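Take a look at the letters that make up each chain.
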Amino acid sequence: MLFNIHTHSEHSHDAQAKLDDLCEQALKEGLLGFAVTDHCDCECAADPKAFTSLLDSWDDCRRAKALYGDRLTLACGVEIGEALYDPAFARRVIEARPWDVVLGSVHAVRVPGWEAPFSIMDFTDCGEAFIRDYMRQYFDDLYEMASTEDYDVLCHLTVPLRYLCGKYGKRVEIEGYYPAIEEILRVCIARDKTFEINTSGCAPDAPHFIPDEAILDKYLAMGGRNLTVGSDAHVAERLTNGLEQAAEMLRSKGVTVLTYYLNRRPVKYTI
Ligand SMILES: [Zn+2]
Ligand SMILES: [Zn+2]
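A. Highlighting the overall build of the protein. Helices and strands together make up the secondary structure of the protein, namely eight helices and nine strands. What you see for the protein is a C-alpha radius of gyration of 17 Å, in line with the 18 Å of a compact globule of 271 residues. Taking the principal axes of its C-alpha atoms as reference, the protein extends roughly 55 × 45 × 35 Å. Taking all 271 residues of the protein together, the buried fraction comes to 55%. Long-range pairs, those at least 24 residues apart, make up 75% of the contacts in the protein between residues at least 6 apart in sequence. Counting every atom, the protein has about 11500 Å² of accessible surface; 50% of that belongs to carbon and sulfur.

What follows is the structure in structure tokens.
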């Protein structure tokens, strides 16, 4: 049985899933449990809803815990996006409730004029040099977040590729960023954080992991052993998308123990 560390409910601005539907889906699909990790987008800190929606998510998750807790392990968490944009806001959110797990993510990059989330940016007319600078800044931001901010799980390393390559057909030679990626892995391991294999890009017959296996191999070769899987589902139907594929791939590399969090403490389980 698997634990899904990364899901979004209707308390995220870009998700529609009712928490009860996520729970029913988890029971139907035989999950050990999942973490509700609604978005805390630090670039939106000025919007009062950025904070109150997370308190709503917490309340909803506590309610669901009472309802489903004997059949499912539910973790009430939060996904902090680009904490560097407003570290005080990130701290305020983290301290507001005794979360089970805090995900650390970067969805927007500190490139002047391009600070909005990459999921909503139009990269159509961007040339190679810009894309190179943008990716370099992504890894710099992620490194700074990973080394200075408060989080438990480092999420979806290399996720801008989904947009730059997947949506806009840009070419990115990821090997050129391996030194930067290794620095991020090193700090993740040194701080005893957990490394997410994000399965949101998986199709039933085409596994696609974020990050890819070559980067996972680096993590393992560097001695990293704290791994977790997350589907990043925004609708109930995608709750378990790719999780079994990730587990199978991990087992093939000798990884048989994964991590989830309760009360911000790691819990190990065998797959
Ligand atoms: Zn994310
Ligand atoms: Zn997410």
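B. Just the coordination of the zinc ion (ligand 2), in detail. Taken together, the protein donors to the zinc ion (ligand 2) comprise H6 (NE2), H8 (NE2), E79 (OE) and D232 (OD), at separations of 2.1 to 2.4 Å. Because the angles between the four donor atoms bound to the zinc ion (ligand 2) fall within 79 to 169°, the donor set is best described as irregular. Look at where the donors of the zinc ion (ligand 2) fall in the sequence and you get H-x1-H-x70-E-x152-D. Between the zinc ion (ligand 2) and the zinc ion (ligand 1), both coordinated by E79, there is a metal-metal distance of 3.2 Å. With H8 in the loop between strand 1 (3-7) and helix 1 (19-29) and E79 in strand 3 (residues 73-81), this residue pair connects regions lying 71 residues apart in the sequence. No difference in accessibility class separates H8 from E79, as the two residues are buried.

C. The arrangement of the state of the cysteines in detail. One pass over the full model with this rule turns up one disulfide. What pairs with C61 in a disulfide is C76, and their sulfur atoms sit 2.4 Å apart. On the S-S bond that ties C61 to C76, the torsion sits near -90°, and the link is left-handed. With C61 in helix 2 (residues 48-68) and C76 in strand 3, the pair connects residues that are 15 residues apart, well separated along the chain. There is no disulfide at C40, and the cysteine sulfur nearest it, in C42, is 4.2 Å away. Free of any disulfide, C44 has its nearest cysteine sulfur in C42, 9.0 Å distant. A relative accessible area of 35% means that C44 is categorised as partly exposed.

D. Inspection of the packing of aromatic side chains at higher detail. Under the criterion given, the structure shown has 14 aromatic pairs. When the centroid spacing of 5.8 Å and the interplanar angle of 70° are considered together, the rings of F123 and Y168 count as edge-to-face. One end of the pair, F123, is in the loop between strand 4 (101-105) and helix 4 (128-148); the other, Y168, is in the loop between helix 5 (160-167) and helix 6 (178-190), with 45 residues separating them in the sequence. A relative accessible area of 0% means that F123 is categorised as buried. Through a chain of ring-to-ring contacts, the aromatic side chains of W114, F123, F130, Y134 and Y168 assemble into a single cluster. Sitting above the plane of the F51 ring, R92 keeps its charged end 3.9 Å from the centroid. Lying over the aromatic face of Y178, K218 brings its terminal NZ or CZ to 4.1 Å of the ring centre.

E. Quick peek at the packing of helix 4 against helix 5. At a minimum axis separation of 11 Å, helix 4 and helix 5 run at an interaxial angle of 160°. For the element pair helix 4 / helix 5, the angle class is roughly antiparallel. Note on packing geometry: the crossing formed by helix 4 with helix 5 is left-handed. Contacts between helix 4 and helix 5 involve I131, Y134, M135 and Y138 on the former and, on the latter, P160, L161 and L164. Taken together, the residues that form the contact of helix 4 with helix 5 break down as seven nonpolar, no polar and no charged.

F. Geometry of the coordination of the zinc ion (ligand 1). In this structure, E79 (OE), H107 (NE2) and H156 (NE2) serve as the protein donors to the zinc ion (ligand 1), at separations of 2.1 Å. Donor residues for the zinc ion (ligand 1), ordered by position in the chain, follow E-x27-H-x48-H.

G. The arrangement of helix 7 (residues 213-221) in detail. Restricting attention to buried positions, one finds in helix 7 the residues I215, L216, K218, Y219 and L220. Where helix 7 is buried, its residues touch helix 6, strand 6 (194-198), strand 7 (227-230) and helix 8 (243-252). Immediately downstream of helix 7, the backbone of G223 shows phi near 100°, a positive value.

H. Structural detail: the environment of I80. Topologically, I80 is positioned in strand 3. Note: C-alpha distance between I80 and V93 (13 residues apart in sequence) is 8.7 Å. Not counting the four nearest positions on each side in its chain, I80 is found in contact with C40, C42, A90, V93, I94, V102, L103, G104 and S105.

Procedures and definitions
Residues numbered from 1 in each chain as written. Chains lettered and ligands numbered in written order. Predicted model: local features only at pLDDT ≥ 70, side-chain atom pairs only at ≥ 80, totals over all residues. Heavy atoms only, no water. Helix = DSSP H or I, 4+ residues; strand = E, 2+ residues; numbered from the N terminus. Rg over C-alpha atoms; globule rule 2.2 N^0.38 Å. Buried < 20%, exposed > 50% of the residue type's maximum accessible area, 1.4 Å probe, protein only. Contact = heavy atoms within 4.5 Å. Areas by Shrake-Rupley, 256 points an atom, 1.4 Å probe, with all protein chains shown as cover. Donors = N, O, S within 2.8 Å, 3.2 Å for Na, K, Ca; no water. Tetrahedral: all angles 85-135°; square planar, octahedral: opposite > 155°, others 65-115°. Disulfide = S-S within 2.5 Å. Phe/Tyr/Trp six-rings, centres within 6.5 Å; stacked < 30°, edge-to-face > 60°. Lys NZ or Arg CZ within 6 Å of the ring centre and 35° of its normal. Axes fitted to C-alpha atoms, helices over the stretch in contact; angles between N-to-C directions. Parallel < 35°, antiparallel > 145°, perpendicular 65-115°, else oblique. Left-handed = near helix turned anticlockwise from the far one by under 90°. Nonpolar A, V, L, I, M, F, W, Y, C, P; charged D, E, K, R; others polar.

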